[in-house]
Amino acid sequence: MHGIVKKDADMLLPVRRETFGDQIVSNLKRAILSGEIEGGSQITETQLASRFGVSRGPLREAMAQLATEGLIHSVPFTGTRVIKLSVMDVREIYSLRTALETLAFQEIWDKRDHAFAEELESRHSRLMDTLKIDDHVASSEAEVGLHSLVYERCGHKLLLESWQRVAGRLQLYLALHQRAHGRTGPIEDAHENYLTLAMCDDFELMRKEIESHMRRGVNQLENYVAL
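Residues numbered from 1 in each chain as written. Predicted model: local features only at pLDDT ≥ 70, side-chain atom pairs only at ≥ 80, totals over all residues. Heavy atoms only, no water.

An unreviewed UniProt entry annotates the chain as Transcriptonal regulator of Puniceispirillum marinum.

Enquirer: Explanation requested: helix α9 (residues 203-215) in the structure shown.
Expert: Because an α-helix completes one turn every 3.6 residues, residues spaced three or four positions apart along the sequence face the same direction. Counted at 1.5 Å a residue, the expected span for α9 with its 13 residues is 18 Å, and the 18 Å between its end C-alpha atoms agrees. Looking at the buried residues of α9, the elements they touch are α4 (87-108), α6 (136-153), α7 (157-180), α8 (192-198) and α10 (218-225). Sitting at the head of α9, Asp202 places a side-chain oxygen 3.0 Å from the backbone nitrogen of Glu204. Note on α9: the residue one or two positions beyond its end, Gly217, has a positive phi of about 80°. (Helix = DSSP H or I, 4+ residues; strand = E, 2+ residues; numbered from the N terminus. Expected span 1.5 Å × (residues − 1). Contact = heavy atoms within 4.5 Å. Polar contact = N/O pair within 3.5 Å; in protein donor to acceptor, adjacent residues only side chain to side chain.)

Enquirer: Please explain the environment of Ile187 as it appears in this structure.
Expert: Secondary-structure assignment places Ile187 in the loop between α7 and α8. Taking the C-alpha atoms as reference points, Ile187 and Met128, separated by 59 residues in sequence, lie 9.2 Å from one another.

Enquirer: Explain the side chain of Glu69 here, please?
Expert: Relative to the assigned elements, Glu69 resides in the loop between α3 (56-68) and β4 (72-75). Residue classification places Glu69 among the buried residues on the basis of a relative accessible area of 14%. For Glu69, the residues in contact, after removing those within four places along its chain, are Lys29, Arg165, Gly168 and Arg169. (Buried < 20%, exposed > 50% of the residue type's maximum accessible area, 1.4 Å probe, protein only.)

Enquirer: What am I meant to see in the packing of aromatic side chains here?
Expert: How two aromatic rings sit relative to each other is given by the distance of their centres and the angle of their planes. In this structure the tally under the stated criterion is three aromatic pairs. For the pair Phe105 and Tyr194, a centre-to-centre distance of 5.9 Å together with 85° between the ring planes defines the contact as edge-to-face. Here the residue Phe105 occupies a position in helix α4, and Tyr194 occupies one in helix α8, the gap between them amounting to 89 residues. With respect to burial, Phe105 and Tyr194 carry one shared label: buried. An angle of 5° between the planes, with centres 4.4 Å apart, marks the rings of Tyr151 and Trp163 as stacked. With a gap of 12 residues between them, Tyr151 in helix α6 and Trp163 in helix α7 connect regions that are remote in the sequence. Here the two residues Tyr151 and Trp163 agree in accessibility, since each one is buried. Sitting above the plane of the Trp109 ring, Arg112 keeps its charged end 3.5 Å from the centroid. (Phe/Tyr/Trp six-rings, centres within 6.5 Å; stacked < 30°, edge-to-face > 60°. Lys NZ or Arg CZ within 6 Å of the ring centre and 35° of its normal.)

Pasting the structure below:
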């Protein structure tokens, strides 16, 4: 069941029903992904509890979740800091997600069906909808959701767990990627080849598309995070 909120004069988008803890996670994640809380910033429970108007108990749980997602980390004798992607981080995320997604498609290749194709199109439509609301955080979340499908359906539990551990940091990567390119989402046709080849008969074509798709814009993002 979804509630509805008006995002602008022309569009209605569904809003997920969230628990109080989910809301804290969402608000804190949005502040990080949008750059409102800058990468490398030190954060404390007291500071964030005051900022978001919440008690420290549920905030502590939210921070633990974001630490699991790789968006914040504790530094011995220093405190907790928001992750700041380096050039090396960008290169590692690029190479890791290329390898993971290639393996995921290899695992699912003979199990792809009509339901998989329909859900892939549905998630892509969701991503395209975010382009209408000028929100790179929503866009990066939807793009991660699109790429998540193959992991969810491939039947490889350890691979899915590996993806889930990197997905939060990937969303930060994508949000930075859009800022580096002066956009609030991917270009409209960025996933057309990906969608087509995900359901084709030639795995080698899909493997090449994954590598090409992941490589786009990496150099510009490296220059952006190096500033």
